[in-house]
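Report on the structure
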Amino acid sequence: MTDARPARPKLPEIDVREHGAKRGDVEQAIDRRLFMQLLVFNTPVGQDPQKYEKAFAAAFEEKLGINALVYADANDPRGLGLLSWSEDPEYFVEVVRPLFRREHLRDLILRPEMTMLGRTYSVGHEQNVAHWILERPIENVSQEGWEWAVWYPLRRSGEFESLSREEQR
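First, a word on what this report is: a plain description of the structure on this page. (Residues numbered from 1 in each chain as written. Predicted model: local features only at pLDDT ≥ 70, side-chain atom pairs only at ≥ 80, totals over all residues. Heavy atoms only, no water.)

1. Some words on the overall build of the protein
The following threshold applies: By the criteria applied, helices consist of DSSP H or I runs no shorter than four residues and strands consist of E runs no shorter than two, each listed in order from the N terminus. With the radius of gyration taken over C-alpha atoms, the globule rule is written as 2.2 Å times the number of residues to the power 0.38. Only protein chains enter the calculation, and the probe is 1.4 Å; a residue is then buried if its accessible area is under 20% of its type maximum, exposed if over 50%, and partly exposed in between. The contact rule is simple, with two residues in contact once any of their heavy atoms fall within 4.5 Å. In short, Shrake-Rupley with a 1.4 Å probe defines the accessible areas, and a residue's cover is counted only from the protein chains shown. Think of it this way: Lys and Arg go in the positive column, Asp and Glu in the negative one, and His and the chain ends go nowhere. In this description, the location of a charge corresponds to atom NZ of lysine, CZ of arginine, CG of aspartate or CD of glutamate.
Tallying secondary structure elements over the protein gives five helices and seven strands in all. On C-alpha atoms alone, the protein measures out to a radius of gyration of 21 Å, which is more than a quarter above the 15 Å that the 2.2 N^0.38 rule sets for 169 residues. Out of the 169 residues belonging to the protein, those deemed buried represent 33%. Taking as baseline every contact in the protein between residues at least 6 positions apart, the subset at least 24 positions apart corresponds to 70%. Roughly 12,400 Å² of accessible area belongs to the protein as shown, and the carbon and sulfur atoms make up 52% of that amount. In the protein, the 23 positive side-chain charges and the 29 negative ones have mean positions that sit 4 Å from each other.

So, in structure tokens, the structure goes:
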């Protein structure tokens, strides 16, 4: 008995790498990304937010492999934000999440509507795509003297994707 089903057409290969500007005749491409997660919390009523900032600092000093920094929420006197980053998305479950089992951090009240998780990407004209994708975001958030940041969700409409590559750049 033979199989009468027609052969499936071969699917096109999908290139999921990030591409930068050509260097001479050589195309830059990288298959690594940096993921960044922002978690926003309220401290319990009657508690000093600095107590929690100190608890984060103590955890960072313990060399737990935590790549993160803490923000005070300018719009909420009891609010704190934890920004963490890694090339491995499992990091947020395996390293960051366990922080909140610690005595001084488990009382924080998560504000899920403020939580963001994203990854870096290129737009195709970066002169050094590896630096742009993996190092520059960390340099930006860790910059000495840049004591504040504005975080907002980026939602692109379909209109952006319909523009030519030149217009997108």
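There's more to say after this.
2. Some details on the layout of surface pockets
To find the voids left in a structure, one rolls a probe of water-molecule size over its atoms. Going by this rule: Only protein atoms enter the 1 Å grid used here, on which a cavity is any set of points holding a 1.4 Å probe that cannot leave and a pocket is any open set flanked by protein within 12 Å on both sides along at least five of seven lines; residues with an atom within 4 Å of a point are listed as lining. Grid points are joined across faces, edges and corners, and a volume is the space filled by probe spheres set on the points.
In this model, the second largest pocket occupies a volume close to 610 Å³. If you trace the second largest pocket, you find 26 residues lining it, with Tyr-71, Ala-72, Trp-148, Ala-149 and Trp-151 closest to the centre. Broken down by secondary-structure element, the contributors of at least two residues to the lining of the second largest pocket are β3 (35-42), β4 (68-72), β5 (79-86) and α3 (129-142). No other element matches β4, which puts five residues into the lining of the second largest pocket.

3. Considering helix α1 (residues 49-61)
Test applied: To estimate how far a helix should reach, multiply one less than its number of residues by 1.5 Å. Here the arc refers to the set of directions running from the helix axis out to each C-beta atom.
Here α1 contains 13 residues, and its C-alpha end-to-end distance of 19 Å stays within 8% of the 18 Å for a straight helix at 1.5 Å per residue. The complete set of buried residues in α1 reads Pro-49, Tyr-52, Ala-55, Phe-56 and Ala-59. For α1, the angular spread of buried residues about the axis comes to 115°, placing them on one side. Facing away from the buried side of α1 by over 90 degrees, the exposed positions are Lys-54 and Glu-61. Where α1 is buried, its residues contact β4 and β5.

4. Comments concerning the packing of aromatic side chains
Note the threshold: Note on aromatic contacts: the rings of Phe and Tyr and the six-membered ring of Trp form a pair at centre separations within 6.5 Å, being stacked when their planes are under 30 degrees apart, edge-to-face when over 60 apart, and tilted otherwise.
What the rule picks out here adds up to four aromatic pairs. Grouped by ring-pair contacts, the aromatic residues Phe-41, Phe-56, Phe-60 and Phe-100 constitute a single cluster.

5. Comments concerning the environment of Ser-86
For clarity, the threshold we go by: We define a polar contact as two N or O atoms separated by no more than 3.5 Å, with the added condition that, inside protein, one atom must be a possible hydrogen donor and the other a possible acceptor, whereas residues neighbouring each other in sequence contribute only through side-chain atom pairs.
Topologically, Ser-86 is positioned in strand β5. Put simply, Ser-86 and Arg-136 are 50 residues apart on the chain and 13 Å apart in space, counted from C-alpha to C-alpha. Setting aside chain neighbours within four positions, we find Ser-86 in contact with Arg-33, Leu-34, Phe-35, Tyr-91 and Phe-92. Only 3.0 Å separates the side chain of Ser-86 from the backbone nitrogen of Asp-88, close enough to count as a polar contact.

6. Let's talk about α3
Between its first and last C-alpha, α3 extends 20 Å over 14 residues, near the 20 Å set by a 1.5 Å rise per residue. Inspection of α3 places Val-129, Ile-133, Leu-134, Pro-137 and Val-141 among the buried residues, and these make up the whole buried set. Its buried side turned inward, α3 meets β1 (18-19), β2 (29-30), β3, β4 and β5.

7. Structural notes on the nonpolar core
Operational definition: By convention a nonpolar core is built from buried Ala, Val, Leu, Ile, Met, Phe, Trp, Tyr and Cys residues, the set being connected through side-chain atoms within 4.5 Å.
Counting 18 residues, the largest nonpolar core has Phe-56, Leu-82, Val-96, Leu-99, Phe-100, Leu-105 and Leu-108 as its most contacted members. Listing elements by their share of this core, those giving two or more residues are β3, α1, β5 and α2 (91-96). Residue contacts for Leu-105: discarding those within four places in its chain leaves Tyr-52, Ala-55, Phe-56, Leu-99 and Phe-100. Residues Ile-30, Leu-38, Ile-133 and Val-141 belong to the second largest nonpolar core, which totals 13 residues.

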